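# Observations on chain architecture
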Amino acid sequence: MRAISGLWRWRDSPLRRPTDRAEVWVCLVALVLIGAAAPAIGWLTGAAAQDSLRRSVAEQRHTRQRVPATVLRRMAYHPPETDPDDGSAYTVRSRVLADWSAPDGTRRHGAVLTGLAAPHRGDRFMIWTDGQGRMTTRPLDSATADAHAVLAGFGAALLAAALVEAGRRLVLWRMVRRRYARWDQAWERVGPDWGKAGTGS
């Protein structure tokens, strides 16, 4: 508020240049855009993302299902892996070759991660598949979708604010360069006669 009151008093100063007023307006417009437009953009982006993600959640819940898979054999030794679908980073999975049935009864097989401590041939476990029986990830849950929407809105607001600030800095930089150019031109006109008698110095 102190800065705004200072700018308000500066408006009637005899030393004020037209570019000073322009700089003040540029800063005020940028402040309004950052304070009002950026949050609005963030809210709209978050709402759109939430709507899209909720449709994805509904679609995935409808098309993905858990089916039993049977271990054929354990894959060659490899470093322990963490399951990206598991909320815990400490859930270690073993990679095995397994088979399972597609919704149309077709037998499928492939390398999958299982939580079995010591998988052996014939062991059964559950996996997620899509409508064609292809292995896929678990459906997105509503809480995760909402969290992603909030992050998308927050990121959009920050990006909008950063763009406004970058635009403000660019405009002020161009105004300062133009001011310096005018000073150089004025100095070229009066500089050679500076200090000479009869020049009004």
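Everything discussed here concerns the structure shown above.
Here is a short report on the structure shown in this document. (Residues numbered from 1 in each chain as written. Predicted model: local features only at pLDDT ≥ 70, side-chain atom pairs only at ≥ 80, totals over all residues. Heavy atoms only, no water.)

## Some remarks on the overall build of the protein chain
Here is the rule: Numbering of helices and strands starts at the N terminus; helices are DSSP runs of H or I of at least 4 residues and strands are runs of E of at least 2. When accessible area is computed with a 1.4 Å probe and restricted to protein chains, residues below 20% of their type maximum are described as buried, those above 50% as exposed, and intermediate ones as partly exposed. The contact criterion used throughout is that any non-hydrogen atoms of two residues lie within 4.5 Å.
Each helix and strand in the protein chain was counted, giving 3 helices and 5 strands. For the protein chain, the succession of helices and strands along the chain, N to C, is α-α-β-β-β-β-β-α. Here the protein chain, with 201 residues, has 25% of them falling under the buried criterion. Within the protein chain, contacts between residues separated by at least 24 positions form 64% of all contacts whose residues are at least 6 apart in sequence.

## Description of the pattern of salt bridges
Worth spelling out the cut-off: Salt bridges are defined by distance alone: a side-chain nitrogen of Lys or Arg within 4 Å of a carboxyl oxygen of Asp or Glu.
Tallied over the entire structure, the rule returns 6 salt bridges. In this structure, E165 and R168 form a salt bridge, with 2.7 Å as the shortest nitrogen-oxygen distance. With a gap of 3 residues between them, E165 and R168 both fall in helix α3 (residues 142–190), about one helical turn apart. According to the relative accessible area criterion, E165 is partly exposed, its value standing at 23%.

## Focus on the environment of G42
Here G42 shows up in helix α2 (residues 18–63). With 112 residues separating them along the chain, G42 and F154 place their C-alpha atoms 5.7 Å apart. Those residues in contact with G42 that sit more than four places away from it in its chain are G153, A156 and A157.

## Overview of the side chain of T129
Structurally, the position occupied by T129 is in strand β5 (residues 124–129). Residue classification places T129 among the buried positions, given a relative accessible area of 0%. Not counting the four nearest positions on each side in its chain, T129 is found in contact with T63, R64, Q65, V67, W100, R134, M135 and T136.

## Concerning the nonpolar core
For clarity, the threshold we go by: Only buried residues count toward a nonpolar core. Its members are Ala, Val, Leu, Ile, Met, Phe, Trp, Tyr and Cys residues joined through side-chain atoms within 4.5 Å.
Counting 9 residues, the largest nonpolar core is built from V67, A69, V71, V96, A98, W100, V112, F125 and I127. If you list the elements that add at least two residues to this core, you get β1 (65–74), β3 (92–101) and β5. Each residue touching V112, except ones within four places of it in the same chain, is listed here: S94, R95, V96, A98, W100, F125 and M135.

## What to know about a nonpolar patch on the surface
Put simply, the rule reads: For patch detection, residues must exceed 30% relative accessible area and be free of salt bridges, and they are connected within 9 Å for like charges or within 5 Å for nonpolar side chains (Val, Leu, Ile, Met, Phe, Trp, Tyr). Per-residue and other accessible areas follow the Shrake-Rupley method at a 1.4 Å probe size, with only the shown protein chains counted as cover for residues.
A cluster of nonpolar residues, W25, L28, V29, L31 and L33, forms a patch on the protein surface that exposes about 470 Å² of accessible area. You can see W25 is positioned in helix α2.

## Quick notes on a positive patch on the surface
So the rule is basically this: For the purpose of counting charges, residues Lys and Arg are taken to be positive, whereas Asp and Glu are taken to be negative. His and the chain ends are not included. Every charge is mapped onto a representative atom, which is NZ of Lys, CZ of Arg, CG of Asp or CD of Glu.
On the surface, R174, R177, R178 and R182 cluster together into a patch of positive charge. The residue R174 is located in helix α3 in this model.

## Quick look at the side chain of D99
Which entries qualify depends on this criterion: Residues adjacent in sequence count toward polar contacts only when both atoms are side-chain atoms; beyond that, a polar contact is any pair of N or O atoms within 3.5 Å, and within protein one must be able to donate a hydrogen and the other to accept it.
Residue placement: D99 occurs in strand β3. Reaching out from D99, the side chain makes a polar contact with the side chain of R107 at a distance of 3.0 Å. Setting aside chain neighbours within four positions, we find D99 in contact with P68, A69, T70, L72, R107, R108 and H109.

## So, the pairing of β5
Heads up, the condition is: Strand pairing follows a simple DSSP-based rule, namely that at least 2 bridges must link the two strands.
Only one face of β5 is buried, namely the one carrying F125, I127 and T129, since none of R124, M126 and W128 on the opposite face is buried. Note: β1 against β5, 6 bridges, orientation antiparallel. The residue bridging Q65 from the neighbouring strand is T129, located in β5.

## Focus on the environment of P139
Looking at where P139 falls in the secondary structure, it is placed in the loop between β5 and α3. Taking the C-alpha atoms as reference points, P139 and R61, 78 residues apart in sequence, are found 5.8 Å from one another. Excluding its chain neighbours within four sequence positions, the residues that come into contact with P139 are Q60, R61, R64 and W128.

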